[in-house]
Structure formats: structure tokens, C-alpha cells
Amino acid sequence: MTQIASAASGDTMTIREAALRGEPLIDTFIVNNHSHLGMYYGFAQPNPDADTLVQTMDRVGIDQSCVFSSLAITADMRTGNDLSLEAASQHPDRILAYAVPDPNLERQVRDEMQRCIDAGVRGIKFHTSLHDYPFGGPGYVPAFELADKHRLPLISHGVDSPDVLRRTARSYPNAHFIVAHAGAGRRHPEFDATYTVAIEEPNVYLDTAGSVAPYGIFAQLVKHTGAGKILYGDDFPWMCPTHQIGRILLAPITDDQKKQILGGTMQRLLSTRQ
Amino acid sequence: MREMPHLFDANVFLGPIFLRHDDTPDDVPRLLAAMDENGISRALVTHGLAKWQHPAVGNRLVIQETKGIDRLVPCWVVMPSVTGELPPERELVAQLLDSGARAARLCTGMNRLTLEPFEIETLLEALAERRVPLFLDTNNRHWSEPRPWAFIEWALRTYPTLPLVLLREPPANYRTLFTLMDRHSNLYIETCYFQGHDAIALGAGRWGADRLVFGSGLPEWDPGMAITGLTYASFSVEERDMVASGSLLRLLDNCVV
Ligand SMILES: [Zn+2]
């Protein structure tokens, strides 16, 4: 098992030991591929702002968080995307803004996505269930095309079906497709066709954000798909990064697998941008 | 470098549980090994069969199986006695304490309890007399499932000497929960699912760390998130240690034996 250095003493300790002590994981590059920002009508989310997020990231040792504001996935795509861009400009290299399309505003999506790409977004996020719109519907096509052209990560909450996911991933081979929440693990991964698509398609990945964690299920998923298909996400501020990261830090997998999941793979996906 | 906390886990099952798999610890040696792997030193344990078969079976088993093992403190599942399934309430609570158990779990949905006062008041009165902490288990998986708030408010108000601990309290109920935590010092939160942004530290600051009780849900739930939610919370080591073990120790020590 690889070791990480401790800031305080110079001693080495495993990721598990650091997690049990609450020491920041300073020698592991960690990217949270799934987080939101801002207030939400549905329930009270304490301190949902970028400044406090960065404080929490510092405490755990999370280097970067990809953000898509809660407003963008609900009532107002444009103002919501501006919130994400503003947070990114206030915290360069720590907060990475993503663009969210509202596919119900079909005539505005292409211009809005282009505007966000010109402003420097690092990826795209869909929320098919809150926007009540199918992943394979025409309102999302401009976003697929731009993700493909600029070689961006595209994370979606909802992908219609494993077949639609596979077809879309093949149609836009330069985009990196991330299935939100699927990497938290599900019972009997061997029977789940979404995981088969992730194993077989080179540009499909799974995001770990998820409130629920049945015992041992995450390690079963890592074994089934390989660590290289799984990306750390915490869904801040719907959930807390301090909790969400524990699924990985204390899992019975190797430190090399943990490092891949925590940021190794996501760093590569973010680096292909053109 | 920070020391590891001494984790006394308030929410653990011993023995077979529903929907377990080959890797699920389902006896004492495997449970102790899983606790070691996750840095958990002690646990308050309910028997799986007390929840998933019947309290009359599981309560007996948890006493037998934890005998002589200091790391495992037994907790009984309780319910009304009117059907003759369990002894009359005062007797049940006396037996619970005599057997060495120091806490009770109420499995509301699993045991099809309505939680109407006429159904439950004799039981709560008996527990309150001996200050046996009552852990409320609604068997919720997700954050969006309903909680029996009217019952919780009534129980806190009617039995102020009864400590009530909400197991697996989700992050989506703060608009309701905060009022009850502000008003009733006998209400406690078990932290495994309390994953609003830094909510454990926020709660410790607002109500005191002794109102929060570390629990994991092992072996039904993965303890990883519950543990790092505590170890990376933005509070002092003293507050962390109170949540990690101090709060639960106080509750158990407070029983009138
Ligand atoms: Zn989300």
C-alpha cells in the first residue's frame, strides 16, 4: 500500500489512518467532480457558498471542486451559470465552473452553452430529473456537440437508459460522460447494465456522490468496474464533502485505487479541454 | 498530528440482518473485525433478529452473544406488551436493565406501530422512569422519507426524563428538527446520516456536542461516511471526542439501575 506524508510530523501514514485522524490529505490530488452552490427551496442547506466550501475543502485536502449552481439546475440557467462562473473567478484553480443547459429553453441552449464555454467553463452538467427532460432529447444536442468539440467532461443526473447512454457516448466520442450518483454503488453490480456500459465504453465514467451507502457495496463496484471508471463527487451542499469522501477513504481497496478515484482520473479528463 | 478518536458506535447490529451479503459481518468475531478495520472501539449493539424476526428472540440472543465482551453493549428492541409478545412494560424495562442492556430501540415502521399515545404511553412511561435512552429507528434509507414528528414532539414534551435519540437522521429535515432540538434538551441526534454541510459541527455549536451521538449503522450501512463526517468536522478535539463517545457514555450511565 502506498503511503502519504503527514504535514505535521513528516511520518508516513495510509489514507485510512489520515481519515481516522481527520488529517488533511495533502499529498493526494483530489478533485470533487460534482458539487452545487447557493440556496435551494427544497430543504435547508447550511453554508452553501463558495467561500465556506473552500474552507471545507482545505480541511479535508480537496484540491478542486467542479460546481454547477443549484439555481442553474432549477429555475434559471443563465443567472445560475453566472453564479458558478463568479465563484470560479473568486477561487481560481479551486472552484471549476460547469455550464448547465435547461433543455426546456431549446432555442436558448446553444447560445448559452457557447457563452459559458467562451467564459471558460471546464465541463457541462445535466439534471434530467429536475428539468424533467430526457437525456436523449433534442434540447441537449447543442451541449453534446460542444462537449465533444471542446473535449469536456459532461456529467448527467439521469441518462434515460443504458442503451441511450451507450449510443450517445459513441456519437460524441471526445466528450467524457459521467453518470451522476451511479458510482456510489448498487446492490449486485454484475446485473446492472449501466456498469456494463461504463466498463465497455472508453468515455463513460461513474460519479460517487450519493447519500446512501450500504455496507461493502462500494468495494464490490470498484472490483467490478475497476477504479479507473469511478470519480469522486460529493454533491455539496446537498451533502457534506466530509461524509461523502469517507466512502472512498475507508473502503477496503488499495491506496492506489483510492488516488485514482479521488482525482487521478478526473485530472486527466479535465486536461483534454480544447 | 491529531489522535484518532475513541469511537463508541451507537448504531450497530449483531447477527443476521435483512439483505446481507457474503461480506456482511453477521456474528461476533466478524463484527469485531469490521469494527477494528474502521477504528471503532466499542459499540451499542441490537441483535439483527430483534429487528428482523422478533424482539423476544433477538433480545435474548444479544445478551447471550455479548456476554463477557466489553466492547459490545447490548440494546433491546421494545414494543407495547398488550398482545403478550413481550412482558408488561415496567417488567420489560427492569429485565432490560438487569440483563446488562442500557438502551432501547423502537422500530416504528417494522413493528407497525402507530405511535398514538394510547398505544405507546405505557412503554414510554416505563422507560422514562428508569431514564433508559430510546433510539428511534424508522428504518429509513433515504433523506426524503417522512418522520413521525408529531409523535416525537409529544414524547419529548410528555416525558422530559426520557432521552430520545433519532437514528439515521437525514440532512433534509432541518426546518423541522432545529425547532425540536432548540426546545427539548432530551432530544439527541445520531450522526451517521446527518450530512448537511458541516452540520455536525454546526449542531455542536448550537446545542452542545453532548446532544450529538456518533453512530454508523454497521453492518447495514458503510461506516466510512459516518466516521469521516466526524473526523473532518470543523470543531475542537474536545467536541469531537464528546460526539465520538462521551455523549453516548453519559446517556448509558444515566440509566436508573
Ligand atoms: Zn447533484
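Quick note: structure is the one above.
Keep in mind the model is a prediction, meaning the values are calculated, not measured.

1. Examining the packing of aromatic side chains
Taken as a whole and judged by the stated rule, the model has 20 aromatic pairs over all chains. Centre to centre, the rings of Phe-43 of chain A and Trp-238 of chain A are 5.7 Å apart; their planes meet at 85 degrees, and the pair counts as edge-to-face. Of this pair, Phe-43 of chain A sits in the loop between strand E3 (31-35) and helix H2 (50-60) while Trp-238 of chain A sits in the loop between strand E10 (230-231) and helix H9 (241-244), placing them 195 residues apart in sequence. Judged on exposure class, the residue Phe-43 of chain A and its partner Trp-238 of chain A are both buried. Centroid distance Phe-126 of chain A to Tyr-140 of chain A: 3.8 Å. Interplanar angle 10 degrees. Geometry classified as stacked. Here Phe-126 of chain A, found in strand E6 (residues 123-127), pairs with Tyr-140 of chain A, found in the loop between E6 and helix H5 (141-150); they are 14 residues apart in sequence, far enough to count as distant. A residue is classified by how much of its surface remains accessible, and Tyr-140 of chain A, at 0% relative accessible area, is buried. Pairwise contacts between aromatic rings join Phe-126, Tyr-133, Phe-135, Tyr-140, Phe-144, Tyr-172 and Phe-177 of chain A into one cluster. The positively charged end of Lys-229 of chain A is found above the aromatic ring belonging to Tyr-205 of chain A, 4.6 Å away from the centroid. Taking the ring centre of Tyr-193 of chain B as reference, the NZ or CZ of Arg-168 of chain B above it sits at 4.0 Å.

2. Some details on the coordination of the zinc ion
Residues and elements named next belong to chain A. Only His-34 (NE2), His-36 (NE2) and Asp-235 (OD) from the protein coordinate the zinc ion, and they sit 2.1 to 2.2 Å from it. Each donor residue of the zinc ion lies on one chain, and together they are spaced H-x1-H-x198-D. Taking relative accessible area as the criterion, His-34 reaches 0% and is therefore assigned buried. Of the residues examined, His-36 reaches a relative accessible area of 2% and is grouped as buried.

3. What to know about the environment of Val-257 of chain B
Residue and element names in this part refer to chain B. Residue placement: Val-257 occurs in the segment after helix H10 (237-253). Residue Val-257 is classed as exposed on the basis of its relative accessible area of 64%. Taking the C-alpha atoms as reference points, Val-257 and Val-132, separated by 125 residues in sequence, lie 9.3 Å from one another. Residues within four places of Val-257 in sequence aside, it is in contact with Leu-97, Arg-102 and Arg-130.

Here is what the cut-offs are and how they apply
- Residues numbered from 1 in each chain as written.
- Chains lettered and ligands numbered in written order.
- Predicted model: local features only at pLDDT ≥ 70, side-chain atom pairs only at ≥ 80, totals over all residues.
- Heavy atoms only, no water.
- Phe/Tyr/Trp six-rings, centres within 6.5 Å; stacked < 30°, edge-to-face > 60°.
- Helix = DSSP H or I, 4+ residues; strand = E, 2+ residues; numbered from the N terminus.
- Buried < 20%, exposed > 50% of the residue type's maximum accessible area, 1.4 Å probe, protein only.
- Lys NZ or Arg CZ within 6 Å of the ring centre and 35° of its normal.
- Donors = N, O, S within 2.8 Å, 3.2 Å for Na, K, Ca; no water.
- Contact = heavy atoms within 4.5 Å.

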